[in-house]
Structure formats: structure tokens, C-alpha cells
Amino acid sequence: MSNKILILFAHPSQHRSEVNLPLARISESVEQVTLVDLYSEYPDYCIDIEREQQRLREHEIIVFMFPLYWYSTPAILKEWQDLVLEYGFAYGHAGTELQGKKLLCAITAGGTEDAYRASGYNHYSIRELLRPIEQTATLCGMTYLPPYALFGARTAVEDGKLEAHVEHWRRILECLRRDQVDLGLAARADKLNECLAEFVGSAS
Amino acid sequence: MTAYFIQAFIYLCAAVIAVPVARRLGLGSVLGYLIAGVVIGPVVGLVGEETRTLQHFAEFGVVMMLFLVGLELEPRMLWSMRNRLLGLGGLQVGLTTGAIMAAALLFGVDWRIALTIGMLLALSSTAIVLQTLNEKGLTKTEGGRGAFSVLLFQDIAVIPMLALIPLLELPELAQAASEMTSQVAESHGHLDLVSGLPNWMYAGVVLAAIASVVLGGYYLSRPLFRFVAQAGMREVFTAAALMLVIGIAALMGLVGLSPALGTFLAGVVLANSEFRHELETNIEPFKGLLLGLFFITVGAGIDFQVLAQDWQLVGAIVATVILVKALIVYLLARIFGIGSSDRWLITLGLAQAGEFGFVLLSFSLQNNVIPADIAQLLALVVAISMFLTPALFIFFDKVLVPRFENNEPRREQDVIDEKGRVLIAGIGRFGQIVNRLLVANGIETVVLDHDARQVDNLRQLEIKSYFGDATRADLLETAGIEDADLFVIAIDDRERAVELTALIGHRYPQLSVLARAFDQIHYYQLKQAGAEFIIKETYLAALDLGCEALTRLGFHPFRAEQLKRTFIATEDETVESMYQSWISSTDSGMSPGYRELFMQQEAEIRSAMQGDRSDRHTASERGWNPPPKGYAEDIADTGADTGADEN
């Protein structure tokens, strides 16, 4: 069995992107991945609800790919949620279109990993901070996977972390596509990064 | 008279046949003309001695060419490439001249002749190399840019060389020549203003002439061209352009300077003028024909007996010249950090002698600097090295490039490519705004307008614009339409905008046309002509005003904005069917179908705006509708808590 993957890519200043753009590029090289650059398709925020809902229907795995802005998504991805996840489509009595699909965030954060814990200056872990998205997925009947995150993203290139991060992402996508992932482990993890080896398991 | 016609016909006929064939074989037009000359001259013997006289006349093509070279030299561009230009170009010309001169001296040639030979063989063929690089799409590579700066320096270096050569006159040759021509000169009376003047006055006259070219070019040419342009007669403008070039050439001749120098200077002065493209367009065909004629006469003048007798000597000289030139360029490219395959490209590309070699050769012959037998030999050397250039490029393509591709890991593609070039036709109230946005973002634009006053006003605001009728295909070519990525049409003549769109679609199908429409019908016409993006000039502004009106009438600003967007979306949906209906109605000459469709569109917009209040998804509110009242209990039944709190 194989899955089609929809990546909703939201980066408002791509000419300065050092991590997200390479991630988006590598994603396009994976089979059965549809990459939607939201800021490119809707530069005026006029999201075509009908088209976006149709895209959701056609894919089994939904990815939000974005740099973290104030512990949340960039505005257009919030706009997308507000508009596309309609009552009667995504939730509510007749809203069953998303049931059984998987939702995953691929994010970059400026702060270091130490900051995203109870003792750090951000006080909460990344999974805790993204609870609104997790709960959205739950309400829509989707399986939520922990985020795949890169911390200290502003200096990732200089620190030589980019290449491995991109390559791991490619492998995650491959495994998701082939449905070779261990969901039990993923359900408990704070980040996909920490259970990567088990998660992608036997796959290449 | 008939004899002249027959001669002209032979020359034209040879060019018409040989040049296209040569281009198809990848040899380039210069070689095509040379071959044509060889065929009608030494091979078939259709033309003979008169080629000499014709050549003097055809040399005026060189004068025009230097005028055009000058026109292309924008000071800003020169400044930005100063390092490569002076370093790479200067050293190439200097070192090659020196090396070849030294070699000639070794063979016991007089130093003046040796220096002349060095100079004329140091030059490469701008025409062949640039054209080949263009055809192969290599102009933007490191090697292509390097080659361009060397060639540009060589083109400029021709000017001082032309000035220097008369000073190298050989006394014995001069004497012989003056004896030969003395009778002729007496009967003619040489046209010269300065022959009787003392030195200080001569210097003064020369300086005055140069100053008058520079100042006249700067201050007088614009009012003159504007005056001519306002008459709106194309051929008068051509006459004015020719008048300028010939006038300057005459003035320079009168004070004993090189006409090429004068027109080159005038070209540089006019490089920033708004009439630059129009001038180029008008001079270009004359230059092309005369230069072609010049090369034909060179070909016709080649003496194959020399080749037959001294083929070993000729072959040895050609091989030495190519080796020496290649070696020097290779070393310089290394020093200037031009890498691997690019280094070989520039090395092999610049290894030949060039068309300016012929120019200098005939000029040196006239000035009694080079004896006729050496000139014959050199003409052969230059021609053969040019003939070998395509072979060198093939060697580069087939042998060197594959080797480098195997050795080097493919470099990752550069993300930021060169920014595009945009041609904007019409720089009135609409085109101006488009241009400002693009220029403010560092995009190179070329702006054309047929109103000389408008162009003038804009130039005062430091907006780079050129005078010219954008619907003329030849002007578009000189404005660089071949390299353009986009074409913006904002001219205020409805019909011509449509014609221009069709013309571009026809000639340059790869080029995207973005057009401004005056109204709905114009929109359809442009769409039919092939424009990729069309906008009605009043549409968005009117909608903004309508939106403001709604707000002032009490609509919430965000709601008014949504209504506006719904209006746009609805109209976008119907545009295709409206267009189809317009096409069929123009075909039949009737328009009821179109009117009906328009009424229908109005109705659709109205219903999209107001919608049925009981309908959950009115188009204008789609996505911002709250869930129905009481939905929370419904969700709670399923055991989940509600996150949707939009009420």
C-alpha cells in the first residue's frame, strides 16, 4: 500500500529561507508528494476553499511545513485552517472527510532545543506548544504525529546540521509514502527526531 | 551605367548565396562574405581590379561599425567591467602584439612592420566569436564574459591603432607611392584644411574638431533628432542618422584625423541618448551591407598564387599565430581565475585573427606601412585562421567539454539566476508605474515610446527610455528583444497594441506578453492576439473606489473587501465563456449572444453577492460562516471537545 502526501508549505520570506526551502525542494523529489506553496498560490490570502478541500480528499497524509512564528503557524496556514476545515467537511456530524488521515508538522524554530522544556525560557516542549494543531487533528478524526523539528535554525547551515536534517526528512517521507512507520512509538514522542531510527525502522 | 548594375548584381548575388550557406554550416557571416569574395574573385574571375576602388568605399562600413560600437559603450557598463576589460583585454592585446612583433623581428623584419603585424594579428574576430557564443548559449558563462571583455577592449584598441599606424610609415614605400600618385594628386587637389598650417594651429584645429564632435553630439543632436522625430517621417530620421555619421567622417577627414575615431567618439557621446536604439536601427543595415562588401573585396583580393607557392610558410605562420594567441589567453585566463572548461572556451575562442585585421591591413597598405607582398601573406593568414575557428569550437564541444563533465562533480544549480530583462512599450501613465516597480527592484528594463517629448520628460526624471515606434520589428531587435524575458505592452493606441501582440506572438513565440487593455472588447482582442496576461486599466481602481463607497455606506471594511473579491472571482469564472461568445459574435457580425451573456454575468454577480440567506455557503461568506447553532452538543456526543470557537 502506498500513500499520497500533501505538503502545505508556508514560508512568507523564501528569498531568505535557509532550511525550509531545501526541505521543500527535497520533498518534491519524493514520489507521490504534492507540495503546495501557500504564499505563492495565494499571495493575497484569497484561499480557494473548494480546491483545497479537494486536495485533502486526494491525499492520505497531510504535512504542515513552516517556520515557527510566535509558537504557531505563519498567518496563511492559520487562514487555511480557518477557511478550509469547514463544519460539515472536516468536523461535525457530516464532516468526515478527513477521518483516518495523518497529520504531521515539519517545523523550524529559532530557539535552541534547551529552550523548549519546562526549565527553558519557553517553558513548554514543542509538542505542548503545538497542542492546538494536535487537537484540531483529533477533532477531525486524524492521526497526529509528533513534529519533525529543527532547533537553532538560524545557524543550522553554519553548524553543519542542514544536510542530515534534509536527508532524514527525505527518509521520513519515503517511509510515510510506503506506510512503513511505527505509529505506536510516534504517539508518545515529543519530536519525531528522537525516535527517528525506530520510526523509519527497516526502510532505507 | 549598365556595367555598374552588372557588377553590383554579381556582388549582391554572391553574398545572397554564400552568407546563408555559411551560416547554416556554422561558419558565420564574416566567413560567408569572404567565401563569396573568393568565389567571384580568384576562383571564377568575375571581378578584378575594381575591387581595390570598391574596398575604399566599403571601408566606410568600418566607420559605421565603430559608431555602433561607440553607441553600445555605456560608461556605466564599462565601469562595472573595468577589471576584466583593462586587465584581461589590455594584457591580451599588449602581450600578443609584443610576442608576434618579437617573432617577426627574429625573421629580420623592420621593427615598424613587425609592430604593425603584431597589432593586426593580436585582434580576434568579434563577429565570429560573439555570434558563435550566442548560438551556443555560452555568453553568460564565465568564459563567454571573459571573451566579451577581451573583444570589447580590442574593438576600442582599434582606435589608437588607427592613429598609430600612419606614424609608422616606411620612407621608401612612401616615396614610391608619392611618385605614383603625384600626377593624380595634382589634378584632383587634395581636400585638406590643415596641410598648410603650422603645428600649433594644427593642434588647435584638431582639438576644436574633437570638441565640436563631443559638444555637438551632446547638445545639438538631441534638439535635431527631436525636431526630425516630430515630423514623423521614418526616412527623414534615417537621413539624419546618415548625415550625422557622414558629416563627422568628413570633418575628421578635413582635419586629417581618422573618420573612425570621430564616429566612435560620437557614438560614445550618444550612447546615453534616448535616440540610441533608433539610431542603431537606422545605421545597422548600411553598416552590415558595407562591411559585407568590404569582406567580399578582401576575399576577392586574396592571392592564391601566394598560397600555392608558399603554403608551408603560410601554414607555419597560421599555426604559430594560433598557438601564441591561445597560449597567452590561456595564461591570462588562469591568472584571472577563469576555471577549467571556461578557460579552454576563451582560449580556443580568441585564438584566431579577426576582421579588424583586414581593416588595419588595408589601412597600413594605404599609409605605406606594409609592403604589398607581406600584406598578401597576412591577408591569407588572417583568413585561414578565421576559417579554422569553427573547427576549434567543434574541438571544444566534442573533445574538451565531455572531459570536464566527467572530471568535475556537477555544481549545484545557482538558486538566484540572473534577473530577467523586460521590454516596456509605451511609457505613459500606465507603463510608467510598471517600470518604476520593476526598476526599483533592480530589474533591467528597456522602455520605448514614440513620443519624443514624453521620452524627454522621463529622461529628466532619470527614467531610462528610448525614442522609437515599438511596433517596428527592427527597432525591437536593437532594443534587445531576443534576450528579453517579458514584454509589457502599454501603448495608448488600441489597434497597434493588438498588432504588436500578434507580431510578438508570431516572431518570438517564447516571449510572454503582458498587456494593458482599455476595456472589455480590447481585452478580448488582446487575448485573441495571444497576450498571456491582460488587465483592464480601470478595473481594479474602480473596484477599490466601489469598495470604499460600500464602506462609507456602513459596510464593515473587511466585509466590503470580501464582496469586492467575490465580484472579481465571479467575473474571473465567466471570462472564458464571455470570450468564446465574443469570438462567435464577431465572426457572425451579430452580438445578441454576447449581450445576453453580459446580462447573465451581472445576474451571477448579484446572486453571488447577496446569495440566498438560508444557504449555508453564500459565495461571499464562504469560509467565514459560523457552524450552525447548537453544533456543540452534536460534537460533544462524539466525545470530543470543541476547538472550533468561531461564534
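Everything below is about the structure shown above.
Structural notes, computed from the coordinates. No experiment lies behind these values; they were computed from the predicted model shown.

### A short note on the overall build of chain B
In step 1: Each helix and strand in chain B was counted, giving 28 helices and 6 strands.
In step 2: Burial statistics for chain B: of 647 residues in total, 38% are counted as buried.
In step 3: Across chain B, contacts joining residues at least 24 apart in sequence account for 69% of those joining residues at least 6 apart.

### Some points on the overall build of chain A
In step 1: Scanning chain A for helices and strands turns up 9 helices and 6 strands.
In step 2: Taking as baseline every contact in chain A between residues at least 6 positions apart, the subset at least 24 positions apart corresponds to 75%.

### Regarding the pairing of strand β1 (residues 421–425) of chain B
Remember that side chains alternate between the two faces of the sheet whenever the strand is regular.
All names here are of chain B.
In step 1: Along β1, 4 of the 5 residues are buried, which leaves the element largely enclosed by surrounding structure.
In step 2: Bridge count between β1 and strand β2 (residues 444–449): 5 bridges; the pairing is parallel. By the bridge assignment for β2, valine 422 is matched with threonine 445.
In step 3: Regarding the hand of the β-α-β motif, the stretch spanning β1, helix α20 (residues 429–440) and β2 is right-handed.
In step 4: Across 4 bridges, β1 lies against strand β4 (residues 486–489) in parallel orientation. Counterpart to alanine 425 in the pairing with β4 is isoleucine 489.

### Looking at the nonpolar core
In step 1: In terms of nonpolar packing, the biggest core is built from 162 residues, with B:Val381, B:Ala425 and B:Ile489 touching the most fellow members.
In step 2: Among the elements that line this core, the one with the most residues is helix α19 (residues 372–407) of chain B, at 12 residues.
In step 3: Counting the residues that make up this core, at least three belong to each of domain 1 (9–171 + 205–404) and domain 2 (421–609) of chain B.
In step 4: Ignoring anything within four residues of it in the chain, the contact list for B:Ala425 reads B:Leu448, B:Ala470, B:Val488, B:Ile489, B:Ala490, B:Ile491 and B:Leu500.
In step 5: Formed by 54 residues, the second largest nonpolar core is a distinct cluster that contains A:Ala10, A:Leu104, A:Val181 and A:Phe199.

### Some words on the packing of helix α1 (residues 20–28) of chain A against helix α7 (residues 162–178) of chain A
What describes two packed helices is the angle between their axes and the distance between those same axes.
All names here are of chain A.
In step 1: Look at α1 against α7: their axes get within 10 Å of each other, and the N-to-C directions meet at 35°. Here the hand of the crossing between α1 and α7 comes out right-handed. Counting all contacts with α1, which are made through Pro22, Leu23, Ile26 and Ser27, the residues of α7 involved are Leu162, Val166, Trp169, Arg170 and Leu173.
In step 2: Of the residues that constitute the contact of α1 with α7, the class distribution is 7 nonpolar, 1 polar and 1 charged.

### A few points about the environment of B:Gly70
All names here are of chain B.
In step 1: Note on placement: glycine 70 falls in helix α4 (residues 60–72).
In step 2: Judged by the 24 C-beta atoms lying within 10 Å of it, glycine 70 is buried.
In step 3: For glycine 70 and glycine 267, which are 197 residues apart along the polypeptide, the C-alpha to C-alpha distance reads 4.1 Å.
In step 4: Glycine 70 has contacts with Phe264, Leu265, Ala266, Gly267, Val268 and Ala271, leaving out every residue within four places of it along the chain.

### Quick look at helix α4 (residues 75–84) of chain A
In step 1: Where α4(A) is concerned, the buried positions are A:Ile76, A:Leu77, A:Trp80 and A:Val84. Angular distribution of buried residues about the axis of α4(A) spans 100°; they occupy a single face of the element.

### Here we look at helix α14 (residues 276–301) of chain B
Residue and element names in this part refer to chain B.
In step 1: Between its first and last C-alpha, α14 extends 36 Å over 26 residues, near the 38 Å set by a 1.5 Å rise per residue.
In step 2: At isoleucine 283, α14 is deflected by roughly 35°, the largest bend along its length, and proline proline 285 occurs up to four residues later in sequence.
In step 3: Taking burial as the measure, the 26 residues of α14 include 20 buried ones, the bulk of the element.

### Some words on the pairing of strand β5 (residues 512–517) of chain B
Residues and elements named next belong to chain B.
In step 1: As judged from the 4 bridges shared by β4 and β5, these two strands associate in the parallel manner. Bridging across to β5, valine 488 finds its partner in leucine 514.
In step 2: Taking the sense of rotation as the criterion, the β-α-β connection linking β4, helix α23 (residues 494–507) and β5 turns out right-handed.
In step 3: The sheet contact formed by β5 and strand β6 (residues 533–536) spans 4 bridges and is parallel. Bridge pairing in β6 links leucine 514 to phenylalanine 533.

### Some thoughts on unusual backbone geometry
All names here are of chain A.
In step 1: The phi torsion at tyrosine 45 lies on the positive side, around 65°, for a residue other than glycine.
In step 2: When you line up the elements, tyrosine 45 lands in the loop between α2 (38–41) and α3 (49–58).
In step 3: Under the C-beta neighbour-count criterion, tyrosine 45 is labelled partly exposed, with 13 such atoms within 10 Å.
In step 4: Although it is not a glycine, tyrosine 71 adopts a positive phi angle of roughly 60°.

The rules behind these values
Residues numbered from 1 in each chain as written. Chains lettered and ligands numbered in written order. Predicted model: local features only at pLDDT ≥ 70, side-chain atom pairs only at ≥ 80, totals over all residues. Helix = DSSP H or I, 4+ residues; strand = E, 2+ residues; numbered from the N terminus. Buried ≥ 20, exposed ≤ 12 C-beta atoms within 10 Å, placed from the backbone. Contact = placed C-beta atoms within 7 Å. Pairing = 2+ DSSP bridges. Right-handed = clockwise from strand over helix to strand, strands pointing away. Core = buried A, V, L, I, M, F, W, Y, C linked by C-beta atoms within 7 Å. Domains from an automatic or database assignment. Axes fitted to C-alpha atoms, helices over the stretch in contact; angles between N-to-C directions. Left-handed = near helix turned anticlockwise from the far one by under 90°. Nonpolar A, V, L, I, M, F, W, Y, C, P; charged D, E, K, R; others polar. Arc of directions from axis to C-beta. Expected span 1.5 Å × (residues − 1). Bend = angle between axes of the 7 residues up to and from the residue.

Spatial relationships are all this shows, so hold off on functional conclusions.
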